[in-house]
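Listed here are the chains, written in short residue letters.
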Amino acid sequence: MKKLSVLFLAASLVLSLGSLAWGQGVLKVATEAGFMPFEYVDAATGELMGFDMDLIRAIGQVLGLEVQIDNIAWDGLIPALLNGNYDALIAGITITPERQAAVDFSEPYFESVLTVVVKDGAEVAGLDDLAGKIAAVQINTTGDFAASDLQDAGELKGVSRYDTVSDAMQAVLIGAADVVIIDLPVAKAYLDANPQAPLHHVGPVADNEFYGIAVNKNNKALLEQINAALQQLKDSGTYEEIFQKWFGAN
Ligand code: ARG
């Protein structure tokens, strides 16, 4: 009996911790803002900008929650959510079965795909042309998973894993790696922002993937609210406005 109530107490403590912040009118969100155009730091103002940032702020508005966003390391996002440091993650995170074992995802909010970024003049048109090559990736991204699979199959010589997208790009620029495997919209934005870089991308190279907002598995109520807010933003046209703002001119 005593054991049972201790267990009960522990369980309800975990539950209330999971919903503490957003229960008080604040949605604590983490991102990794090295992923333009989804999340990046505006050089002039230091402000967090991007499609994801606009979307999560709009979700907060629908839910009447103040959105506080921290910019932390990519590889630390899911651990920080599991620790209860944040209510939600938005960072261009692809919904995968492995991640779904650890966290819940909202309904998909963006359809994406991988590409390969190569030096101009290199004869690479896709994932089939990488035998003998080194791929640079952001660690523990879908680009990393694709590269690791290719390496296991003997279709890629090696994988160099970096903490940030910009370090992975730099690796190719300095010749430490041959290609970057990365989300196509991010490759496009990087190349647009760095027109002097002697790099190009080769278009979609894999199956489509879907980004979701991650929420702790013990916080189904928040998950439902986020999904309802997403639906409302779609119905009201606000989602489309945000989409056009970041992707309309392409
Ligand atoms: N979509 C890819 C993934 O989920 C890459 C996401 C990287 N996001 C970031 N903010 N650096 O693995």
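Procedures and definitions
Residues numbered from 1 in each chain as written. Predicted model: local features only at pLDDT ≥ 70, side-chain atom pairs only at ≥ 80, totals over all residues. Heavy atoms only, no water. Helix = DSSP H or I, 4+ residues; strand = E, 2+ residues; numbered from the N terminus. Rg over C-alpha atoms; globule rule 2.2 N^0.38 Å. Buried < 20%, exposed > 50% of the residue type's maximum accessible area, 1.4 Å probe, protein only. Contact = heavy atoms within 4.5 Å. Areas by Shrake-Rupley, 256 points an atom, 1.4 Å probe, with all protein chains shown as cover. Lys, Arg positive; Asp, Glu negative; His and termini not counted. Charge placed at Lys NZ, Arg CZ, Asp CG, Glu CD. Patch = residues over 30% accessible without salt bridge, like charges linked within 9 Å, V, L, I, M, F, W, Y side chains within 5 Å. Salt bridge = Lys/Arg side-chain N within 4 Å of Asp/Glu carboxyl O. pLDDT = per-residue confidence, 0-100. Phe/Tyr/Trp six-rings, centres within 6.5 Å; stacked < 30°, edge-to-face > 60°. Lys NZ or Arg CZ within 6 Å of the ring centre and 35° of its normal.

Structural notes on the overall build of the protein chain
Looking only at helices and strands, one finds 10 helices and 15 strands in the protein chain. Against the compact-globule benchmark of 18 Å for 250 residues, the protein chain has a radius of gyration of 20 Å, which places it among compact chains. Taken over the C-alpha atoms alone, the protein chain extends approximately 65 × 45 × 30 Å along its principal axes. Here the protein chain holds 250 residues, and the buried ones make up 46% of them. Once local pairs closer than 6 in sequence are excluded, the contacts in the protein chain between residues at least 24 apart make up 73%. Total accessible area on the protein chain is roughly 12100 Å²; 54% of this is exposed by carbon and sulfur atoms. Looking at the protein chain, you have 14 positive and 33 negative side-chain charges, and the mean spots of the two groups are 8 Å apart.

Let's talk about a negative patch on the surface
Together, Glu123, Asp128, Asp129 and Glu155 give the surface a local cluster of negative charge. Locating Asp128 in the fold gives a position in the loop between strand 9 (114-119) and strand 10 (134-138).

As for the confidence of the model for the protein chain
Chain-level statistics for the protein chain give a pLDDT mean of 93 and a share of 90% at 70 or above. Here residues 7-18 is modelled with pLDDT under 50, and outside its nearest four sequence neighbours on either side it reaches five contacts, counting other chains as well.

Remarks on the packing of aromatic side chains
The final tally for this structure, using the stated rule, is 17 aromatic pairs. Here the aromatic cluster, defined as three or more aromatic residues joined through ring pairs, consists of Phe35, Phe38, Phe51, Tyr109, Phe110, Tyr211, Tyr239, Phe243 and Phe247. Against the face of Tyr239 rests Lys234, its NZ or CZ located 5.2 Å from the ring centre.

Focus on the pattern of salt bridges
Opposite charge on two side chains permits them to pair, given that their charged atoms come into close proximity. Taken as a whole and assessed by the stated rule, the structure comprises four salt bridges. The salt bridge partner of Asp104 is Lys220, with a shortest N-O separation of 2.6 Å. On the criterion of sequence distance, the pair formed by Asp104 in strand 7 (residues 104-105) and Lys220 in helix 9 (residues 220-236) is long-range, its members being 116 residues apart. Judged by its relative accessible area of 10%, Asp104 is buried. By sharing partners, the salt bridges in this structure join Asp104, Lys217 and Lys220 into a single network.

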